[in-house]
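The chain contents come next:
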Amino acid sequence: MERATFSKYSWIDFAFSVVGVCTFLVDWGSDLWVAAEFYYRGDFIWFGVLVGLMVLSSVVVQTFSWFWLKYDRELPGFRAHTSGTVVFLGDRVKLSGVLHVLQLGFLCRHISAIRQGFRVWWRKEEGSEYAVYLTHDLSMLRLIETFCESAPQLTLMIYVMLTTNKARTVQFVSIAASTTSIAWMVVDYHRSLRSFLPDKAKQGWCSSLIYFLCNLLLIAPRVAALALFASVLSEYMAAHFLMLWSVFALWAWRQGTDFMDSVAGEWLYRATVGLIWYFSWFNVAEGQTRSRSIIYHSFITTDGVILLTTWWCYRDPVQTEPYALALLIALPHIYLLGLLFKALYYCCFHPKLWRPPVRDPGLPVDLPDAAVSFRDFSIQDGALPSQLLNQRMACHATCFY
């Protein structure tokens, strides 16, 4: 089989890199602003929880970034292949290590991607493959940050609103924006994955919209159910999380994940997958995808019913009277609607079902999903391929599609 051709770096990739670094800075700024509000109001517990989430998320993302930086340096011919391009932090290993310890490695990756993308897109210089390589890594890191920080913070915001029984319009807007952002990040990540299967149809905008809606309708009621449970039994919230997170991490181990290049890195990945599964489905292994998805959603549905039932039994009837019944009816139906949209996506809007598919010129006829994988064009026997392949993301592409 001939080696497939990947999409070149475009102005859209550059725009996403610029938006990514702006979003990163705005997100951190808003987090610090909310933390300062908690502190000055004397809500030291919420302040501590918020700061803890920020630190945990940053440490996890920086650790992944550092692991990947080490792995890339060990790839045969990687430095030679990226010669003449802006390789992230060059060969200054100590400096890059210090920056990651200072929690600046992720930001430096964004800046490096923007600089490299500017050279490729605006100045028409070489290095398009490495620019694309950087954007794929950033897509994965942003997804990790989303579920390590944004999703828990969203749960905290709803919890604070419920326990204080005070809700301003800006809070509703912020919650809606955060939920939408989380769902969109999942879609953006999977659109990025599809580019690793150039012998298949791309994921079009209509397909992306359906996939976005299914994630929005599945994640929103999950976060709401967790916040409702925490509002009545906050002392059991940590136990609930640790129990489910442990089960999910062990399930990831049982699936034989092989994403990282070291044992420590792989266990960090499995622990992170467990955290992601606490909020949303994320496929990590090849084969039996439908069966694992059914098991996961059945488990989460049962857990959601238990959370809502517990909240209903322990809630304050007077304080929650304006919205209790509406939430009890709406949340399960929203989740069910999300499952229906997911079924609709796989039955009618999955890229492999589209005819005619949106394709790059010159590519062969689309193949069934089982007929091609990134292994057909990956690095073989340690030799440098004609194109630079991000094997981490390529591995996930074969799992998801």
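Residues numbered from 1 in each chain as written. Predicted model: local features only at pLDDT ≥ 70, side-chain atom pairs only at ≥ 80, totals over all residues. Heavy atoms only, no water.

Chemist: Teacher, can you tell me more about the overall build of the protein here?
Modeler: Across its full length, the protein carries 13 helices and zero strands. Going residue by residue from the N terminus, the α and β elements of the protein occur as α-α-α-α-α-α-α-α-α-α-α-α-α. Looking at the protein as a whole, 50% of its 401 residues qualify as buried. Accessible surface computed for the protein: about 19400 Å², of which carbon and sulfur atoms make up 67%. (Helix = DSSP H or I, 4+ residues; strand = E, 2+ residues; numbered from the N terminus. Buried < 20%, exposed > 50% of the residue type's maximum accessible area, 1.4 Å probe, protein only. Areas by Shrake-Rupley, 256 points an atom, 1.4 Å probe, with all protein chains shown as cover.)

Chemist: Hey, could you run me through the environment of Y133 in this one?
Modeler: Secondary-structure assignment places Y133 in helix α6 (residues 128-164). Through-space distance from the C-alpha of Y133 to that of A113 is 9.1 Å; in sequence the pair is 20 residues apart.

Chemist: Explain the pattern of salt bridges here, please?
Modeler: Once their charged atoms are close, side chains differing in charge can pair, the charge on each being opposite to the other. Taken as a whole and assessed by the stated rule, the structure comprises three salt bridges. Notably, a salt bridge pairs R41 with D43, separated by 3.1 Å at the nearest N-O pair. When its relative accessible area of 49% is taken as the criterion, R41 is described as partly exposed. A salt bridge links R222 to D303, with the nearest nitrogen and oxygen atoms 2.6 Å apart. With R222 in helix α8 (residues 205-232) and D303 in helix α11 (residues 289-314), this pair connects stretches of sequence that are 81 residues apart. Given the relative accessible area of 3%, R222 is considered buried. Judged by its relative accessible area of 8%, D303 is buried. (Salt bridge = Lys/Arg side-chain N within 4 Å of Asp/Glu carboxyl O.)

Chemist: What's the story with the nonpolar core in this structure? I'm lost.
Modeler: For soluble globular proteins, the rule of thumb is that nonpolar side chains tend to be buried together. Residues F64, W68, F147, Y269, W277 and F282 are the most contacted members of the largest nonpolar core, which totals 84 residues. Considering each element in turn, this core owes the most residues, 16 residues, to α6. Excluding anything up to four places from it in sequence, F64 contacts L141, I144, M260, L268, Y269 and T272. (Core = buried A, V, L, I, M, F, W, Y, C linked by side-chain atoms within 4.5 Å. Contact = heavy atoms within 4.5 Å.)

Chemist: Explanation requested: helix α9 (residues 237-254) in the structure shown.
Modeler: Three- or four-residue spacings in an α-helix give side chains the same orientation, since the helix completes a turn every 3.6 residues. Taking 1.5 Å of rise per residue, 18 residues should cover 26 Å, and α9 covers 26 Å from first to last C-alpha, within 8% of that figure. Three or more residues of α9 are buried, namely M237, H240, L244, F248, A249 and A252. The buried side chains of α9 occupy one side of the element, clustering within an arc of 150 degrees when seen end-on. What points out from α9, more than 90 degrees from its buried face, is the exposed set M243 and R254. (Expected span 1.5 Å × (residues − 1). Arc of directions from axis to C-beta.)

Chemist: Before we go on, may I ask you to explain the environment of I300 in this structure?
Modeler: Structurally, I300 can be placed in helix α11. With 19 residues separating them along the chain, I300 and W281 place their C-alpha atoms 9.6 Å apart. What I300 contacts, discounting residues up to four positions off in sequence, is R222, F248, W277 and Y335.

Chemist: Any chance you could explain the packing of α8 against α11 here in plain terms?
Modeler: Axes are the key here: two packed helices are described by the angle between their axes and the distance separating the axes. Where α8 contacts α11, the axes come no closer than 9 Å and their chain directions differ by 35 degrees. Every pair of crossing elements has a handedness; the one defined by α8 and α11 is left-handed. Contacts from L218, R222, A225, L226, L228, F229, S231 and V232 of α8 reach α11 at H297, I300, D303, G304, L307, L308, T310, W311 and Y314. Among the residues making up the contact of α8 with α11, the classes are represented as eleven nonpolar, four polar and two charged. (Axes fitted to C-alpha atoms, helices over the stretch in contact; angles between N-to-C directions. Left-handed = near helix turned anticlockwise from the far one by under 90°. Nonpolar A, V, L, I, M, F, W, Y, C, P; charged D, E, K, R; others polar.)

Chemist: Is there a simple way to think about the environment of A343 in this case?
Modeler: The topology assignment puts A343 in helix α12 (residues 324-349). In this structure A343 comes out as partly exposed when scored by relative accessible area, which is 38%. In the structure, A343 is positioned 129 residues away from C214 in sequence and 8.9 Å away in space, judged by C-alpha atoms.

Chemist: Just to check I follow, could you spell out unusual backbone geometry for this structure?
Modeler: The phi torsion of most residues other than glycine is negative, and most of the peptide bonds are trans. Here the phi dihedral of Q103 falls at roughly 65 degrees; this positive angle occurs in a residue that is not glycine. Its place among the elements puts Q103 in the loop between α4 (93-101) and α5 (105-121).

Chemist: Help me understand α8, please; the structure alone is not making it clear to me.
Modeler: Relative to the 40 Å expected for 28 residues at 1.5 Å per residue, α8 spans 41 Å between its end C-alpha atoms, a close match to the ideal helical length. Counting buried positions along α8 gives 21 out of 28 residues, so the element sits mostly inside the fold.

Chemist: Is there a simple way to think about the packing of α9 against helix α10 (residues 263-277) in this case?
Modeler: Viewed as axis vectors pointing N to C, α9 and α10 meet at an angle of 125 degrees, and their least axial separation amounts to 8 Å. With respect to α10, the axis of α9 lies oblique. Here α9 and α10 pass one another in a crossing that is right-handed. Together, F241, W245, F248, A249, W251, A252 and W253 of α9 and W267, R270, A271, V273, G274, L275 and W277 of α10 make up the contact between the two elements. Grouping the constituent residues of the contact of α9 with α10 by class yields twelve nonpolar, one polar and one charged. (Parallel < 35°, antiparallel > 145°, perpendicular 65-115°, else oblique.)

Chemist: Quick question: what am I supposed to make of the confidence of the model for the protein here?
Modeler: When pLDDT drops low, the exact placement of atoms in the prediction is not to be read closely. Summarising the model, the protein shows a mean pLDDT of 77, and 71% of its residues fall at 70 or more. Averaged over each element, pLDDT in the protein is lowest for helix α3 (residues 78-81) (56) and highest for α9 (94). (pLDDT = per-residue confidence, 0-100.)

Chemist: What is the right way to look at a nonpolar patch on the surface in this model?
Modeler: A contiguous nonpolar surface patch, about 430 Å² in accessible area, is contributed by L250, W253, V263 and W267. A relative accessible area of 47% means that L250 is categorised as partly exposed. (Patch = residues over 30% accessible without salt bridge, like charges linked within 9 Å, V, L, I, M, F, W, Y side chains within 5 Å.)

Chemist: Could you clarify how one ought to interpret the packing of aromatic side chains in this entry?
Modeler: In this description, an aromatic ring pair is defined by two values, namely the gap between the centres and the angle between the planes. Taken as a whole and judged by the stated rule, the model has 24 aromatic pairs. Taking the centre distance of 6.4 Å and the plane angle of 65 degrees together, the rings of W184 and F212 count as edge-to-face. With W184 in helix α7 (residues 169-194) and F212 in helix α8, this pair connects stretches of sequence that are 28 residues apart. A relative accessible area of 14% means that F212 is categorised as buried. Ring plane angle 75 degrees and centroid distance 5.7 Å describe the contact between F248 and F299, whose orientation is recorded as edge-to-face. Here F248, found in helix α9, pairs with F299, found in helix α11; they are 51 residues apart in sequence, far enough to count as distant. Residue classification places F248 among the buried positions, given a relative accessible area of 3%. The class for F299 is partly exposed, based on a relative accessible area of 36%. One aromatic cluster is present, built from ring pairs that chain together F248, W251, W277, W281, Y296 and F299. Cation over ring: R270 sits above W267, and NZ or CZ is 4.8 Å from the ring centre. (Phe/Tyr/Trp six-rings, centres within 6.5 Å; stacked < 30°, edge-to-face > 60°. Lys NZ or Arg CZ within 6 Å of the ring centre and 35° of its normal.)

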